[in-house]
Amino acid sequence: MESLFAPTRVATNVRGIGAELELIPFGPGGEPVPVQVGTGLQSLPVLRRAAHRARWVETSADGDPPSWSTPNGGRVSFEPGGQIELSSARSETASSLIRDLRCTSELLESAFQSEGMLLEAVGVDPYNDIADVSLQVHRARYERMTRYFDSIGRSGARMMRQTASLQINVENGPEPYERWTLLNALAPYVTAIFASSAIYACEQTDHSSYRAHLWRTLDTTRTGLPVNPADPANAYLDFALDAGAMMRENGAGYSSFAEWMRMSDPTLEDWRLHLSTLFPEVRPRGYFELRSADAISPAHLAAPISFVVGLIYDEATSHAASDMVGAPDFSTLEIAGRVGLGDPAIRHTAIELTDLALAGCESLGDQFISAADLDAAADFFDRYTRQGRSPGDDRT
């Protein structure tokens, strides 16, 4: 378990950055677009034509929809409900990551628009109920997840088939436990600042980020903020062992992986697969995945990326941010998803954090994040955060 929190080696670039952005395709009336059907709107042919023009390399997936490798080392693939995920390669600078993700997403948005469809960056499907969106990817992993989540409630199916997020990946750094704790403490503010999913199935929800609500409630054994600053690795080990064992081949899940170990003999590969089914706000993988942001428009990508790198990669700013937010707090996370920047305390801290983040980015230098990207981030924070608004407010 400690390997997940291993310090970044001094010989490597300690400011590597990556991201995964999910986008949801819709028809002109907001109807869901399947990956592939006999007739009518479908996303696979559009993606395949765009990939051919861009010279992406297609990889088949044993009956499931294919994926594509991009020339810059990224990947484009389908999520269980037909969402399209853009996974970047590890970038040496924040600005190169912003540029690569923006170019890929804009290419796809144009391709879908030319065929009468929309590719939207929104945290949850605002038009359709779960009954209207079937499972589009049928590999064993998703079939087992579906059975497991269906035994708990509706949030799991909605998460798999109707949500979209922006995940930002950062290095563990020389002091990984301190960075892990800070990232978890920042999760509520990332949720609030970039919330875009107050509307679900054409109805106003009681949540600024309904996506965040679905993630928190899909299975409480595998989500949240599993942090103990005094002993991070063992705390995460306990969290992993206590999580429901959804990936048993016979479909009969144990109540926890620890129970599976007591009752049977899972393999190391079973354990690794189990770790990949944990969905905390920050997931350790030898680097840290921050998973708290709703999907965001490619035009606004500079804001979340500068927010994270400015607070994480500049040492002085990182210490100041840690002092400001304190220890990770689940109640703040819940309020952030429900009320967002409408909560005065969260709004006040979020504004102060954006100031810190921009200052931290300036310290990191123009070669890491350009002045143009910083200007774009500052414009976003002026337009939304300082006004107590998030992108989802544009829909309400």
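Use the structure listed above.
An account of the accompanying structure is given in this report. Since the structure is predicted, the reported quantities are computational estimates derived from the model, not experimental observations. (Residues numbered from 1 in each chain as written. Predicted model: local features only at pLDDT ≥ 70, side-chain atom pairs only at ≥ 80, totals over all residues. Heavy atoms only, no water.)

1. Considering the overall build of the chain
We apply this condition: Secondary structure counts use DSSP, requiring at least four H or I residues in a row for a helix and at least two E residues in a row for a strand, with both numbered from the N terminus. Only C-alpha atoms enter the radius of gyration; for comparison, a globular chain is expected to reach 2.2 Å times N to the power 0.38, where N is the number of residues. We call a residue buried when its accessible area falls under 20% of the maximum for its residue type, exposed when it is over 50%, and partly exposed in between, using a 1.4 Å probe and counting protein chains only. The criterion used for residue contact is that any of the two residues' heavy atoms lie within 4.5 Å. Surface accessibility in these figures is a Shrake-Rupley result with a 1.4 Å probe; residues are shielded only by whichever protein chains are displayed. For this count, His and the chain ends are skipped, Lys and Arg are scored as positive, and Asp and Glu as negative. By convention, the point assigned to a charge is CZ for Arg, NZ for Lys, CD for Glu and CG for Asp.
The number of helices and strands found in the chain is 14 helices and 13 strands. A globule of 396 residues ought to have a C-alpha radius of gyration of about 21 Å, and the chain, at 20 Å, matches this closely. If you line up the chain on its principal axes, its C-alpha atoms span 55 × 55 × 45 Å. Taking all 396 residues of the chain together, 59% fall into the buried category. Relative to all contacts within the chain whose residues are 6 or more apart in sequence, the contacts with residues 24 or more apart total 74%. Carbon and sulfur atoms make up 48% of the accessible area of the chain, which amounts to about 16200 Å² in all. The chain carries 33 positive and 53 negative side-chain charges, and their two centres are separated by 5 Å.

2. Considerations on the pattern of salt bridges
Let me state the cut-off plainly: Salt-bridge detection follows one rule: a side-chain nitrogen of Lys or Arg within 4 Å of a carboxyl oxygen of Asp or Glu.
According to the stated counting rule, one finds 18 salt bridges in the structure shown. In this structure, the salt-bridge partner of Arg-291 is Glu-289, at a minimum N-O distance of 3.0 Å. You'll find Arg-291 and Glu-289 in the same group, each marked buried. With a shortest N-O distance of 2.9 Å, Asp-382 and Arg-386 are connected by a salt bridge. Taking the relative accessible area as the measure of exposure, Asp-382 reaches 38% and is therefore partly exposed. For Arg-386, a relative accessible area of 30% corresponds to the partly exposed category. Salt bridges sharing common partners tie together Arg-283, Arg-285, Glu-289 and Arg-291.

3. With respect to the pairing of strand S13 (residues 287-294)
Note the threshold: A pair of strands is treated as paired once DSSP finds two or more bridges between them.
Burial analysis of S13 places 7 of its 8 residues in the buried class, which makes it a mostly covered element. Pairing analysis gives 6 bridges linking strand S7 (residues 165-171) to S13, with the strands arranged antiparallel. Across the sheet, residue Leu-166 finds its bridge partner in S13, namely Ala-293. By the bridge criterion, 3 bridges tie strand S12 (residues 282-284) to S13 in an arrangement that is antiparallel.

4. Brief notes about the layout of surface pockets
Short version of the rule: Of the two site types, the cavity is a set of points on a 1 Å grid over the protein atoms alone where a 1.4 Å probe fits but cannot get out, and the pocket is an open set with protein on both sides within 12 Å along at least five of seven lines, each lined by residues with an atom within 4 Å of a point. Grid points are joined across faces, edges and corners, and a volume is the space filled by probe spheres set on the points. Amino acid classes used here: Ala, Val, Leu, Ile, Met, Phe, Trp, Tyr, Cys and Pro are nonpolar; Asp, Glu, Lys and Arg are charged; the rest, including Gly, are polar.
Volume-wise, the largest pocket comes out at about 770 Å³. Glu-20, Glu-79, Glu-85, Arg-141 and Tyr-142 are, among the 36 residues lining the largest pocket, the residues nearest its centre. For the lining of the largest pocket, a count of residues per class yields 13 nonpolar, 10 polar and 13 charged. There is about 430 Å³ of room inside the second largest pocket. Surrounding the second largest pocket, 19 residues form its lining, Glu-175, Arg-179, Glu-315, Ser-318 and His-319 being those nearest its centre. Counting residues per element, the ones that place at least two in the lining of the second largest pocket are helix H5 (176-193) and helix H11 (315-325).

5. So, the environment of Gly-74
Considering the arrangement of structural elements, one finds Gly-74 in the loop between strand S3 (64-69) and strand S4 (75-78). A sequence separation of 13 residues divides Gly-74 from Ser-87, and the C-alpha atoms of the two residues are 5.5 Å apart. Residue contacts for Gly-74: discarding those within four places in its chain leaves Trp-68, Ser-69, Ser-87, Ser-88 and Ala-89.

6. Looking at the packing of aromatic side chains
Note the cut-off: For this analysis, a ring pair means two rings from Phe, Tyr or Trp (six-membered ring only for Trp) whose centres lie within 6.5 Å, classed as stacked if their planes differ by under 30 degrees, edge-to-face if by over 60, and tilted for the remaining angles.
Under the criterion given, the structure shown has 20 aromatic pairs. Geometrically, the ring pair formed by Phe-380 and Phe-381 is edge-to-face, given 5.8 Å between the ring centres and 80° between the ring planes. The pair Phe-380 / Phe-381 is uniform in exposure class, with both members buried. Taken together, the ring pairs connect Phe-5, Tyr-177, Trp-180, Tyr-236, Phe-239 and Phe-288 into an aromatic cluster.

7. Digging into the pairing of S7
Within S7, 7 of the 7 residues are buried, which leaves the element mostly enclosed by the surrounding structure. Pairing between strand S1 (residues 17-26) and S7: 5 bridges, direction antiparallel. Considered in S7, the bridge of Ile-17 is made with Val-170.

8. Comments concerning unusual backbone geometry
Of note in this structure, Arg-55 is not a glycine but carries a positive phi near 60°. Among the structural elements, Arg-55 can be located in the loop between helix H1 (44-54) and strand S2 (57-61).

9. Quick word on the side chain of Thr-70
We apply this condition: Nitrogen and oxygen atoms within 3.5 Å of one another constitute a polar contact, given that in protein one can donate a hydrogen and the other can accept it, and given that sequence-neighbouring residues count only through two side-chain atoms.
Position of Thr-70 relative to the elements: it lies in the loop between S3 and S4. Its relative accessible area of 11% is what places Thr-70 among the buried residues. There is a polar contact of 2.9 Å between the side chain of Thr-70 and the backbone nitrogen of Gly-74. Dropping the residues within four chain positions of it, Thr-70 is found in contact with Trp-56, Arg-75 and Val-76.

10. A short note on the side chain of Thr-349
The residue Thr-349 is located in helix H13 (residues 344-364) in this model. Those residues in contact with Thr-349 that lie beyond four places of it in its chain are Tyr-189, Met-324 and Val-325.

By themselves, these observations are geometric and do not establish any function.
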